[in-house]
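Coordinate analysis (summary)
One letter stands for each residue in the lines below.
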Amino acid sequence: MSLTATLDELIRDVPDYPSPGILFKDITPLLADHDAFTATVQALAEVGRDSAGTTVVDKVLGMEARGFILAAPVALALGAGFVPVRKAGKLPRETHAVSYALEYGEATLELHRDAVAPGERVLLVDDVLATGGTIAATRELVEKCGGTVAGVAVLMELAALPGREAVGALPVTALLTV
């Protein structure tokens with residue numbers, strides 16, 4: 001079975017969650033399947049390599065909360081560092097902060113000021129590209145640290161929403177488009 005077919009089978013729709021009118025994509029069945037999860041991590045990690053298979057990023061950033069689950073093993077697969085991007089007030093040291101609009105509300109993300117060194121290249125990994133606000137905010141955080149976003153890898157992209165418009169020229173790889 002192809003990875004796309006596996007993802008289609010294991011990612012379940014939950015209507016009206018977390019609020020009415022939202023169709024939530026539940027990835028927990030995918031995470032519970034060792035082979036499918038392994039294949040997903042490997043496919044996401046490919047975005048951080050060049051055509052010869054060499055890692056081309058220094059860090060992998062995962063956005064709270066489901067991005068953590070995917071980004072940490074991607075960082076291990078690439079031999080790169082993992083950096084969590086957290087909701088406001090969750091990091092203990094000095095941070096940069098960016099507020100942005102979500103599909104169903106607003107949020108603020110923070111990154112430790114020293115999490116990305118000037119000149120470092122990073123890969124952003126998240127579960128869903130929807131409106132693009134999370135990725136655009138994270139790119140801004142990376143740039144405030146002096147780093148560069150080399151690419152974006154997401155498990156799935158919601159095609160009906162303008163996510164790619166919000167992230168501009170950043171190269172985005174989605175394993176599944178729904």
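Here, the structure is the one placed above.
Points about the pattern of salt bridges
- Considering all chains together, one arrives at eight salt bridges under this definition.
- Between E94 and R113 there is a salt bridge whose closest N-O contact spans 3.3 Å. A residue pair is termed long-range when its members are at least 10 positions apart, and E94 in the loop between β4 (81-87) and β5 (95-102) and R113 in the loop between β6 (105-112) and β7 (121-129) qualify at 19 residues.
- Residues R164 and E157 are paired through a salt bridge, measuring 2.9 Å at the closest nitrogen-oxygen approach.
- Residue classification places E157 among the buried positions, given a relative accessible area of 9%.

Looking at the nonpolar core
- Grouped together as the largest cluster of nonpolar side chains are 28 residues, with contacts concentrated most on V60, V74, L78, L123, V125 and L155.
- Contributing elements (two or more residues each) for this core: α1 (3-10), α3 (34-45), α4 (66-78), β7, β8 (148-157) and β9 (172-177).
- If we ignore the near neighbours within four places in the chain, the residues touching V60 are A71, V74, A75, L78, A80, G81, F82, V83, L123 and V125.
- Listed in part, the 24 residues of the second largest apolar core include L61, L109, A137 and V152.

Parameters at a glance
Residues numbered from 1 in each chain as written. Predicted model: local features only at pLDDT ≥ 70, side-chain atom pairs only at ≥ 80, totals over all residues. Heavy atoms only, no water. Salt bridge = Lys/Arg side-chain N within 4 Å of Asp/Glu carboxyl O. Helix = DSSP H or I, 4+ residues; strand = E, 2+ residues; numbered from the N terminus. Buried < 20%, exposed > 50% of the residue type's maximum accessible area, 1.4 Å probe, protein only. Core = buried A, V, L, I, M, F, W, Y, C linked by side-chain atoms within 4.5 Å. Contact = heavy atoms within 4.5 Å.

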